[in-house]
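# Breakdown of the fold
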Amino acid sequence: MDNLTHYINGLPKAELHLHIEGTFEPELMFKIAARNHIRLKFGSVEELRMAYKFNNLQDFLDIYYAGASVLRTKEDFYDLTWAYLERAHMDNVLHTEIFFDPQTHMANGIPFKTVIEGITAALQDGTEKLGMTSCLIMCFLRHLDEESALSLLEMAKPYRNQITAIGLDSSERGNPPEKFERAFAKAHEYGYLTVAHAGEEGSAYNIRSAVEILKVARVDHGNSCLTDDSVVDLLKERKIPLTLCPLSNLKLKVVHRLEDHPILKMMEKKLLVTINSDDPAYFGGYVNDNYIAVSKALGLNVEQIGRIAKNSFLSSFLPETTRKKYLDVLNQYNMAF
Ligand code: HPA
Ligand code: ZN
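Note that the structure is a prediction, hence the values are computed from the model and not measured.

## Overview of the overall build of the protein chain
Counting its regular elements, the protein chain contains 17 helices and eight strands. Over its C-alpha trace the protein chain gives a radius of gyration of 19 Å, about what one expects of a compact globule, namely 20 Å for 337 residues. Overall, the protein chain is about 50 × 45 × 40 Å in size when its C-alpha atoms are taken along their principal axes. Of all intrachain contacts in the protein chain linking residues separated by at least 6 positions in sequence, the fraction that spans at least 24 positions is 76%. In the structure as shown, the protein chain presents an accessible area of about 13600 Å², 53% of it carried by carbon and sulfur atoms. Taking the average place of the 37 positive charges on the side chains of the protein chain and the average place of its 45 negative ones, the gap between the two points comes to 2 Å.

## Section: helix H5 (residues 74–90)
Turn by turn, an α-helix covers 3.6 residues, leaving residues three or four places apart pointing in a common direction. The terminal C-alpha atoms of H5, which comprises 17 residues, lie 25 Å apart, in line with the 24 Å expected from a rise of 1.5 Å per residue. Among the residues making up H5, those that are buried are Asp-76, Phe-77, Tyr-78, Asp-79, Leu-80, Thr-81, Trp-82, Tyr-84, Leu-85 and Ala-88. Buried residues along H5 sit in contact with strand E1 (13–19), helix H2 (26–35), strand E2 (93–100), helix H6 (102–107) and helix H7 (112–130). Phi turns positive one or two residues past the end of H5, at Asn-92, with a value near 60°.

## Observations regarding the nonpolar core
In terms of nonpolar packing, the biggest core is built from 104 residues, with Phe-100, Phe-140 and Leu-235 touching the most fellow members. Not counting the four nearest positions on each side in its chain, Phe-140 is found in contact with Gln-103, Ala-149, Leu-152, Leu-153, Ile-166, Gly-167, Leu-168, Asp-169, Phe-180, Ala-183 and Phe-184. Formed by six residues, the second largest nonpolar core is a distinct cluster that contains Ile-137, Cys-139, Val-195 and Phe-317.

## Quick notes on the sheet that holds E1
The strand order across the open sheet built from eight strands is E1-E2-E3-E4-E5-E6-E7-E8, with neighbouring strands paired in parallel fashion. On the outer flanks of this sheet lie E1 and strand E8 (273–275), each paired with one strand and no other. For this sheet the average axis-to-axis angle between neighbouring strands, irrespective of direction, equals 25°. Two elements, strand E6 (residues 218–221) and strand E7 (residues 242–244), share two bridges in a ladder whose sense is parallel. From the neighbouring strand, Val-219 faces E7, where its bridge partner is Leu-242.

## Some remarks on the site of ligand 1
Close to ligand 1 lie His-19, Leu-57, Phe-60, Leu-61, Tyr-64, Asp-169, Ser-170, His-197, Glu-200, His-221, Asp-278 and Asp-279. The contact in question runs from a nitrogen atom of ligand 1 to an N or O atom on the side chain of Glu-200, over 2.8 Å. Asp-278 places a side-chain nitrogen or oxygen 2.8 Å from an oxygen atom of ligand 1. Considered on its own, ligand 1 offers 260 Å² of accessible surface; in the complex 100% of this is hidden by protein. Looking at which element gives the most residues to the shell around ligand 1, the answer is helix H4 (residues 57–68), with four residues.

## Considerations on the environment of Val-115
Along the chain, Val-115 turns up in helix H7. A relative accessible area of 1% places Val-115 in the buried class. Residues Val-115 and Asn-175, 60 residues apart in the sequence, show an inter-C-alpha distance of 25 Å. In this view, Val-115 contacts Phe-77, Phe-100, His-105 and Ile-110; residues no more than four positions away in its chain are not counted.

## What about the pairing of strand E5 (residues 193–198)?
Within E5, five of the six residues are buried, leaving the element largely enclosed by the surrounding structure. Here strand E4 (residues 165–169) pairs with E5 via two bridges, running parallel. Note that in E5 the partner of Ala-165 across the bridge is Leu-193. Once the chain exits E4 it traverses helix H9 (residues 181–189) before rejoining the sheet at E5, and the crossover so formed is right-handed. As judged from the four bridges shared by E5 and E6, these two strands associate in the parallel manner.

## What about the pairing of E4?
Counting buried positions along E4 gives five out of five residues, so the element sits mostly inside the fold. Residues Ala-165, Gly-167 and Asp-169 line one face of E4 and the alternating positions Ile-166 and Leu-168 line the opposite face, and both faces are buried. Pairing between strand E3 (residues 133–141) and E4: five bridges, direction parallel. Each residue of the ladder has a partner; that of Phe-140, found in E4, is Leu-168. With helix H8 (residues 146–155) bridging E3 and the parallel E4, this β-α-β connection has right-handed handedness.

## Focus: the coordination of the zinc ion (ligand 2)
Protein coordination at the zinc ion (ligand 2): the donors are His-17 (NE2), His-19 (NE2), His-197 (NE2) and Asp-278 (OD), at 2.1 to 2.3 Å from the metal. In this structure, the zinc ion (ligand 2) is coordinated by four donor atoms arranged in irregular fashion, with angles at the metal of 82 to 175°. Between the donor residues of the zinc ion (ligand 2), the gaps in sequence give the motif H-x1-H-x177-H-x80-D. With a gap of 178 residues between them, His-19 in strand E1 and His-197 in strand E5 connect regions that are remote in the sequence. Residue classification places His-197 among the buried positions, given a relative accessible area of 4%.

## A few points about the packing of aromatic side chains
Considering all chains together, one arrives at 18 aromatic pairs under this definition. Centroid distance Phe-60 to Phe-283: 4.7 Å. Interplanar angle 50°. Geometry classified as tilted. Linking Phe-60 in helix H4 with Phe-283 in helix H14 (residues 280–283), this pair joins segments that are 223 residues apart in sequence. Residue Phe-60 is classed as buried on the basis of its relative accessible area of 2%. The exposure class assigned to Phe-283 is buried, which follows from its relative accessible area of 0%.

Parameters at a glance
- Residues numbered from 1 in each chain as written.
- Chains lettered and ligands numbered in written order.
- Predicted model: local features only at pLDDT ≥ 70, side-chain atom pairs only at ≥ 80, totals over all residues.
- Heavy atoms only, no water.
- Helix = DSSP H or I, 4+ residues; strand = E, 2+ residues; numbered from the N terminus.
- Rg over C-alpha atoms; globule rule 2.2 N^0.38 Å.
- Contact = heavy atoms within 4.5 Å.
- Areas by Shrake-Rupley, 256 points an atom, 1.4 Å probe, with all protein chains shown as cover.
- Lys, Arg positive; Asp, Glu negative; His and termini not counted.
- Charge placed at Lys NZ, Arg CZ, Asp CG, Glu CD.
- Expected span 1.5 Å × (residues − 1).
- Buried < 20%, exposed > 50% of the residue type's maximum accessible area, 1.4 Å probe, protein only.
- Core = buried A, V, L, I, M, F, W, Y, C linked by side-chain atoms within 4.5 Å.
- Pairing = 2+ DSSP bridges.
- Axes fitted to C-alpha atoms, helices over the stretch in contact; angles between N-to-C directions.
- Near = heavy atom within 4 Å.
- Polar contact = N/O pair within 3.5 Å; in protein donor to acceptor, adjacent residues only side chain to side chain.
- Right-handed = clockwise from strand over helix to strand, strands pointing away.
- Donors = N, O, S within 2.8 Å, 3.2 Å for Na, K, Ca; no water.
- Tetrahedral: all angles 85-135°; square planar, octahedral: opposite > 155°, others 65-115°.
- Phe/Tyr/Trp six-rings, centres within 6.5 Å; stacked < 30°, edge-to-face > 60°.

This is how it looks when you write it as structure tokens:
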């Protein structure tokens, strides 16, 4: 193993952009489908994996929502989440902030309670058995209307303490942040932090709207900010982190080669960038694979990679005492390396 890979594998880190439905590995999908007496369109794990070829975000979303429709019971959501936690633990993820899409499951007739109770039971075991901390980010699907987002907020009320933040995901084209101005205002009123996917397939204008209109604490992706200096300045002034996902960007053709990934230019502009896996079961790699692939493509050195891991803790929604503890662990790792 080369020195850089060795450094990344052992590097303490937080993951801040991870859709739990996007961690659904084909093997587990077949197992859960059989358990629920569901016939998949694909005959085998290999055939399913072969279908993971996407030309854009929508191509991916169509397959991702089809996969998620296999999830029916609390045990299914538990198993999905637990499998991710065990995998992330192997990558030295100390803390993870997980997106979930309740509207996807509710459209399949699954109660909100089933989804959140399955996920949170696994998160609790993650803390007790693996020593990992975590929090939940409930996403609004932006291809649905704002009324649906508002009613989801009401439905989540009994679980207010289990949800740290509200997010916005799904198809960015045609569904700009301002479509959800009222729902995000309500989320703030209820005391949630907020984040939003913006500037993945959309323009820098969407990043500005997410910050100024939705008042997000972080922008998910944010790739297109480099096309507008005033948006870069806005992100810098307000210290808004970006949760970048290099292998996702490659698979969804947001970048055509990892050598073209904007992370290095963003670091040169002193933006607070992090590396994450987005939907690792679909995009060919977990968080360390993302760190390794983009570091090699752009020739990042150990110091730059260590800074990205530091950013992951600085950008997290951790309470200050835990943040400090993890930053100390990271410091010690760097001093010993
Ligand atoms: N973008 C938007 N919506 C998503 C994504 C993404 O990368 N992954 C899962 N839902
Ligand atoms: Zn995402």
